[in-house]
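Listed below, chain by chain, are the residues.
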Amino acid sequence: YRPPSSASNTTDVETTSGSSEDRTQGLRRGRSSPARRVAAGHRRRGSDPYRLSAAIASVEAPHYRHWQLCIVDDGSQDRAGLELAQARATADPRIVVHALPAAGGIAAATNAAMAMADGSVLTFLDHDDLLAPEALLLVARAFAQMPELQLLYSDEDKIDGNGEHYWPSFKPAW
């Protein structure tokens, strides 16, 4: 999603000259880098640090490196998830963490993450979501090829504890 304040401004989506394949290769190498923001709300109830770690790792996948991950702890009582997020933020400056003083729900956590984010495009990720390794690259490619683009949506799937996909939701063109 591109926030309305930048929807008509195409200068924040830089592209290299040449074919779309040249632009895609440039994105992969980091020469042209539409800024990405990945806003993650970390829920209070029953957050599993293992799942949060897997969600962070899915953003860190090597296909696209120009991202920022904003993690908000929603006033959780269990400090393990917050401590994990803070340790990852210490290791990678693209990860920023904020703890809300009290639980406000997923909307409050998401709004706080959006307020922290730099860049021109938002991608929402919950604490137990995983991004496909090429997801951010594909988003960057779409915005580079279509600067007027304001919204993307994607298919999704549920993954069980063994890593097996079990509930795909394919979203045809609207």
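Our subject is the structure that appears above.
Throughout this description, residue numbers start from 1 for each chain and increase along the sequence as written. Thresholds applied to this predicted model are a pLDDT of at least 70 for local features of residues and 80 or more for the giving and counting of side-chain atom pairs; totals over whole chains, interfaces and linings are not thresholded and use all residues. Just so you know, side-chain values use all the structure's heavy atoms and leave hydrogens and water out.

J.: Hey, could you run me through the overall build of the protein in this one?
T.: Looking only at helices and strands, one finds six helices and four strands in the protein. Runs of E in the DSSP output that reach at least two residues are strands. Runs of H or I that reach at least four are helices, and both are numbered from the N terminus. Beginning at the N terminus, the succession of helices and strands in the protein can be written as α-α-β-α-β-α-β-α-β-α. Residue burial is assigned from relative accessible area. The probe radius is 1.4 Å, only protein chains are included, and a residue is buried under 20% of its type maximum, exposed over 50%, and partly exposed in between. For the protein, with 174 residues in total, the buried portion stands at 39%. Any pair of residues with heavy atoms lying within 4.5 Å of one another is described as a contacting pair. For the protein, long-range pairs separated by at least 24 residues make up 70% of all intrachain contacts whose partners lie at least 6 apart in sequence. Per element, the accessible surface of the protein, about 9,600 Å² overall, is 53% carbon and sulfur. Computed with the Shrake-Rupley method and a 1.4 Å probe, the accessible areas treat only the protein chains shown as cover for residues.

J.: Sorry if this is basic, but what is going on with the environment of S169 here?
T.: One can find S169 in the segment after helix 6 (135-145). For S169 and K158, which are eleven residues apart along the polypeptide, the C-alpha to C-alpha distance reads 8.6 Å.

J.: Sorry, what's going on with the pattern of salt bridges here?
T.: Oppositely charged side chains can pair when the atoms bearing their charge come close. A carboxyl oxygen of Asp or Glu within 4 Å of a side-chain nitrogen of Lys or Arg is what we treat as a salt bridge. Enumeration according to the criterion identifies three salt bridges in this entry. Where E60 meets R88, a salt bridge forms, and the shortest distance between an N and an O atom there is 2.7 Å. Of the two residues, E60 is situated in the loop between helix 3 (49-59) and strand 2 (69-73) and R88 in helix 4 (residues 80-91); the sequence distance between them amounts to 28 residues.

J.: Sorry, what's going on with the side chain of S58 here?
T.: Structurally, the position occupied by S58 is in helix 3. Counted as a polar contact is a pair of N or O atoms within 3.5 Å, where, for protein atoms, one must be capable of donating a hydrogen and the other of accepting one, and residues adjacent in sequence contribute only when both atoms are in side chains. At a separation of 2.9 Å, a polar atom in the side chain of S58 contacts the main-chain amide nitrogen of L131. Here S58 is in contact with D129, L130 and L131, once residues within four sequence places are set aside.

J.: Would you take a moment to explain the pairing of strand 2 for this structure?
T.: Two faces belong to every sheet, and in a regular strand the side chains alternate between them. Buried residues dominate strand 2, accounting for five of its five residues. Examined bridge by bridge, strand 2 and strand 3 (residues 95-99) share five bridges and lie parallel to one another. Across the sheet, residue D73 finds its bridge partner in strand 3, namely A99. Seen with the strands pointing away from the viewer, any crossover whose path from the first strand over the helix to the second strand runs clockwise is right-handed. After leaving strand 2, the chain enters helix 4 and then returns to the sheet as strand 3, a path that is right-handed. For two strands to pair, DSSP has to find at least two bridges joining them.

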